[in-house]
Amino acid sequence: KNRVTGVTLESGEKIPCELVVAGVGVCPQVEWLRSAGIAVHRGVLADEYLATNIPDVWTAGDCAEFNDLILEEQVLLGNWVNAQVHGKVAALNMLGERQPFKMVSFYTAMGFGLTIAFAGDVRHQGRQVIVRGSPQGGRFARLVVDEHDELVGATFINRTNELQPVCRLIERNVKVSPIRQQLSNDTADLRTLIA
């Protein structure tokens, strides 16, 4: 959850307010699959190839709780980009290929004059957080750094132009210490860090 104490609209109008953004997510109904012998948790459990514990059965989309090779944990994330890429990867693997699903998961939404996004693992408890911008300025980002000095996630408010370069930094397991100054510099173009 992010707190915003003021919002600057695209028109330039400043609106003082406090806004709490909470991501709710999906709760797939998967219990009925348990009786068929398919392993389930919050979703249908799968490996990085989207294969379930049953031979020749794959899962994809909002119900897939997959082994995320980038975050190194099981992830359940319902969004259309994941579902689209899951479908392609699962289909290729059904045809005999061994292609893992490897993509930084992200989500974007618009509302209340804001564009909000997150990428990767945004849980910040016990981790370092690098701040870009300020809530008062209406453009704000939190970059989450893990104990290995790697960028693992980010949340954005009105800074979605930074989503792609941040996803690339997460994907590449880039060490943060050498680029910390650019990451915290609100005016630095993050695309230069992935060139």
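Whatever comes next refers back to the structure up there.
Quick caveat, the model's predicted, so the values are computed rather than measured. (Residues numbered from 1 in each chain as written. Predicted model: local features only at pLDDT ≥ 70, side-chain atom pairs only at ≥ 80, totals over all residues. Heavy atoms only, no water.)

Peer 1: Sorry if this is basic, but what is going on with the overall build of the protein here?
Peer 2: Within the protein, the secondary structure is distributed over four helices and ten strands. Put simply, the protein has 195 residues, and 43% of those count as buried. Counting contacts in the protein only where the partners sit at least 6 residues apart, residues at least 24 apart contribute 44% of the total. A total accessible area of about 10900 Å² is found for the protein, and carbon and sulfur atoms account for 54% of it. (Helix = DSSP H or I, 4+ residues; strand = E, 2+ residues; numbered from the N terminus. Buried < 20%, exposed > 50% of the residue type's maximum accessible area, 1.4 Å probe, protein only. Contact = heavy atoms within 4.5 Å. Areas by Shrake-Rupley, 256 points an atom, 1.4 Å probe, with all protein chains shown as cover.)

Peer 1: I would appreciate a short explanation of unusual backbone geometry in the present structure.
Peer 2: Backbone phi values are negative for most residues with the exception of glycine, while trans is the configuration of most peptide bonds. Of note in the backbone geometry, Leu 50 takes a positive phi value of approximately 70° without being a glycine. When you line up the elements, Leu 50 lands in the loop between strand E3 (44–45) and strand E4 (64–68). By relative accessible area, Leu 50 is classed as buried at 0%. Residue Glu 72 is not a glycine yet carries a positive backbone phi of 60°. Its location among the elements puts Glu 72 in the loop between E4 and strand E5 (73–76).

Peer 1: Explanation requested: the side chain of Asn 93 in the structure shown.
Peer 2: Tracing the chain through its elements places Asn 93 in helix H2 (residues 80–94). Polar side-chain contacts of Asn 93 include one of 2.8 Å to the backbone nitrogen of Gln 99. (Polar contact = N/O pair within 3.5 Å; in protein donor to acceptor, adjacent residues only side chain to side chain.)

Peer 1: Before we go on, may I ask you to explain the pattern of salt bridges in this structure?
Peer 2: A side chain of one charge can pair with a side chain of the opposite charge if their charged atoms are brought near each other. This model, assessed by the stated rule, comprises ten salt bridges. Note that Arg 34 and Glu 31 form a salt bridge whose closest N and O atoms lie 2.8 Å from each other. Separated by three residues within a single helix, Arg 34 and Glu 31 lie in helix H1 (residues 31–34), roughly one turn from each other. Of the charged contacts in the structure, one is a salt bridge between Glu 162 and Arg 132, with a shortest N-O distance of 2.8 Å. With a gap of 30 residues between them, Glu 162 in the loop between strand E10 (151–157) and helix H3 (163–171) and Arg 132 in strand E8 (residues 128–134) connect regions that are remote in the sequence. Overlapping salt bridges bring together Glu 73, Asp 121, Arg 123 and Arg 127 as one network. (Salt bridge = Lys/Arg side-chain N within 4 Å of Asp/Glu carboxyl O.)

Peer 1: Honestly, the layout of surface pockets in this entry has me stumped. Any pointers?
Peer 2: The volume enclosed by the second largest pocket comes to roughly 280 Å³. Forming the boundary of the second largest pocket are 17 residues, of which Ile 70, Leu 71, Glu 72, Asp 146 and Val 152 lie nearest the centre. When residues of the lining of the second largest pocket are traced back to their parent elements, those giving at least two are E10 and H3. (1 Å grid on protein atoms, 1.4 Å probe; cavity = no way out; pocket = protein on both sides within 12 Å on 5 of 7 lines; lining within 4 Å. Points joined across faces, edges and corners; volume = space filled by probe spheres on them.)

Peer 1: Help me out: how do you make sense of the nonpolar core in this one?
Peer 2: Soluble globular proteins tend to pack their nonpolar side chains together in the buried interior. Among the nonpolar cores identified, the biggest contains 22 residues, and Leu 143, Leu 151, Phe 156, Val 166, Leu 169, Ile 170 and Leu 183 are the most heavily contacted of them. Breaking this core down by element, the ones donating at least two residues are strand E7 (114–120), strand E9 (139–145), E10 and H3. At five residues, H3 tops the list of elements feeding residues into this core. Residue contacts for Val 166: discarding those within four places in its chain leaves Leu 143, Leu 151, Ala 154, Phe 156 and Leu 190. Counting ten residues, the second largest nonpolar core, distinct from the first, contains Leu 50, Val 75, Val 89 and Phe 101. (Core = buried A, V, L, I, M, F, W, Y, C linked by side-chain atoms within 4.5 Å.)

Peer 1: Please explain the packing of aromatic side chains as it appears in this structure.
Peer 2: Tallying each qualifying case throughout the model produces two aromatic pairs. Centroid distance Phe 66 to Phe 101: 5.0 Å. Interplanar angle 85°. Geometry classified as edge-to-face. Pair noted here: Phe 66 is in strand E4 and Phe 101 is in the loop between H2 and strand E6 (106–111), with a separation of 35 residues, a long-range link. As far as the burial class goes, Phe 66 and Phe 101 line up, both buried. (Phe/Tyr/Trp six-rings, centres within 6.5 Å; stacked < 30°, edge-to-face > 60°.)

Peer 1: Explain the environment of His 41 here, please?
Peer 2: With respect to the secondary-structure elements, His 41 resides in the loop between H1 and E3. When its relative accessible area of 52% is taken as the criterion, His 41 is described as exposed. Linking His 41 and Gln 74, residues 33 residues apart in sequence, is a C-alpha distance of 9.9 Å. When near neighbours in sequence (up to four residues on either side) are disregarded, His 41 contacts Val 30 and Glu 65. A distance of 3.1 Å separates a polar atom in the side chain of His 41 from a polar atom in the side chain of Glu 65.

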